[in-house]
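Geometric and topological summary
Residues per chain, in single letters:
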Amino acid sequence: MSNYQLDYLDQLESEAIHIMREVAGQFERPALLFSGGKDSITLVHLALKAFRPGKFPFPLVHIDTGHNFPEALQYRDNLVNRIGERLIVRKVEDTIKSKKLTEPKGKFASRNVLQTYTLLDTIEEFGFDACIGGARRDEEKARAKERIFSVRDEFGQWEPKKQRPELWSIYNGKIQKGENVRAFPISNWTELDIWNYIQRENIDLPSIYFSHEREVIQHESQLVAVSSYIRVDEDDKILRKKVRYRTVGDMTCTAAVESEASTVHDIIREITATKTSERGETRIDDKISEAAMEDRKKNGYF
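Reference entry: report on the structure contained in this document. If you're wondering where the values come from, they're calculated on a predicted model, not measured in any experiment.

Moving on, we get to the pairing of strand β1 (residues 30–33). Where burial is concerned, the two faces of β1 agree: the one with P30 and L32 and the one with A31 and L33 are both buried. Here β1 runs beside strand β4 (residues 130–132); their pairing, made up of three bridges, is parallel. Bridge pairing links P30 to A130 in β4. Pairing analysis gives two bridges linking β1 to strand β2 (residues 60–64), with the strands arranged parallel. Bridge assignment links L33 to a residue of β2, and that residue is V61. For the segment spanning β1, helix α2 (residues 38–51) and β2, crossover handedness is right-handed.

The interhelical angle for the contact between helix α4 (residues 92–99) and helix α5 (residues 112–126), taken along N-to-C directions, is 90°, at an axis separation of 9 Å. For the element pair α4 / α5, the angle class is roughly perpendicular. Contact residues: α4 offers V92, T95, I96 and K99, while α5 offers L114, Q115, Y117, T118 and D121. In terms of residue class, the contact of α4 with α5 is built from four nonpolar, three polar and two charged.

To continue, consider the pattern of salt bridges. Per the stated rule, a full pass over the model turns up 24 salt bridges. Across the pair R200 and E201 runs a salt bridge, and its minimum N-O distance is 3.0 Å.

As for its placement among the helices and strands, R246 is situated in the loop between β9 (238–244) and β10 (255–258). Look at R246 and you get buried, because its relative accessible area is 3%. Side chain to side chain, R246 and E191 meet in a polar contact 2.6 Å long.

So, on to the packing of helix α7 (residues 191–201) against helix α8 (residues 264–273). The N-to-C vectors of α7 and α8 enclose an angle of 165°; their axes lie 10 Å apart at closest approach. Here α7 lies roughly antiparallel to α8, going by the angle between them. Seen from above, α7 lies across α8 with left-handed handedness. Seen from α7, the contacting residues are E191, L192, W195, N196, I198 and Q199; seen from α8, they are V264, H265, I267, I268, I271 and T272. Taken together, the residues of the contact of α7 with α8 sort by class into seven nonpolar, four polar and one charged.

Scoring rules and cut-offs
Residues numbered from 1 in each chain as written. Predicted model: local features only at pLDDT ≥ 70, side-chain atom pairs only at ≥ 80, totals over all residues. Heavy atoms only, no water. Buried < 20%, exposed > 50% of the residue type's maximum accessible area, 1.4 Å probe, protein only. Helix = DSSP H or I, 4+ residues; strand = E, 2+ residues; numbered from the N terminus. Pairing = 2+ DSSP bridges. Right-handed = clockwise from strand over helix to strand, strands pointing away. Axes fitted to C-alpha atoms, helices over the stretch in contact; angles between N-to-C directions. Parallel < 35°, antiparallel > 145°, perpendicular 65-115°, else oblique. Contact = heavy atoms within 4.5 Å. Nonpolar A, V, L, I, M, F, W, Y, C, P; charged D, E, K, R; others polar. Salt bridge = Lys/Arg side-chain N within 4 Å of Asp/Glu carboxyl O. Polar contact = N/O pair within 3.5 Å; in protein donor to acceptor, adjacent residues only side chain to side chain. Left-handed = near helix turned anticlockwise from the far one by under 90°.

This is the structure in structure tokens:
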């Protein structure tokens, strides 16, 4: 990489570390939401730089839908053991039972909508007043409307028209009782920035980010992994292809892309050549409607 790219990554890293320290300084009970995906893994790496040799001033929190890729869960547990930080796991399955929720039906029965209930219950259980997340503005239109400090009301809801100005990197974390802030330290990063940073910092990732063989079915031009979480119909043709994942969500709603990229360098070359966003190409749940993500966020989704 050129010196310009290195300087640019240094600027992004410095901003993200500053935001994390602002969260630690302004809030009493913050948490870092961790999914096992590359963005939350990057957040953990940044937190190590921000707070070591001390312990993190927040736990890692995983809202487990029960439809995860096994590779992501294994990576999560290995990472927590390696860095010695606290991990809190709350399961959507338990929320479904306790609240008697109705699970979505259909071919790709995602629990993403139900995830909101578990997240809000977890925030209430532990009294979290801020949740750090790995959302980026380049991912999706609703994400682009977010501020670095995004205030949610006492019901966990997001109102895009009531976002606070953030001039000169000044972040206002003042909230009323019951309100909550979602903080996004890598909001200004792009997918390519993330991968360039992963390469520079030599950050380890779950194996599903790299090319591997997997049984998939083709659905509306997308390749979806065969698993016990989706319904395989008689007319579905099961294919075995070399694929990788650009983003890691649930197995019910995350599609793979055909790829031979087995290294971070190969992935960077692929991303540079593509014209499709990672969520636009691989997230089935974002295709429900033009406003699918914004609707979920208004209801309390991260």
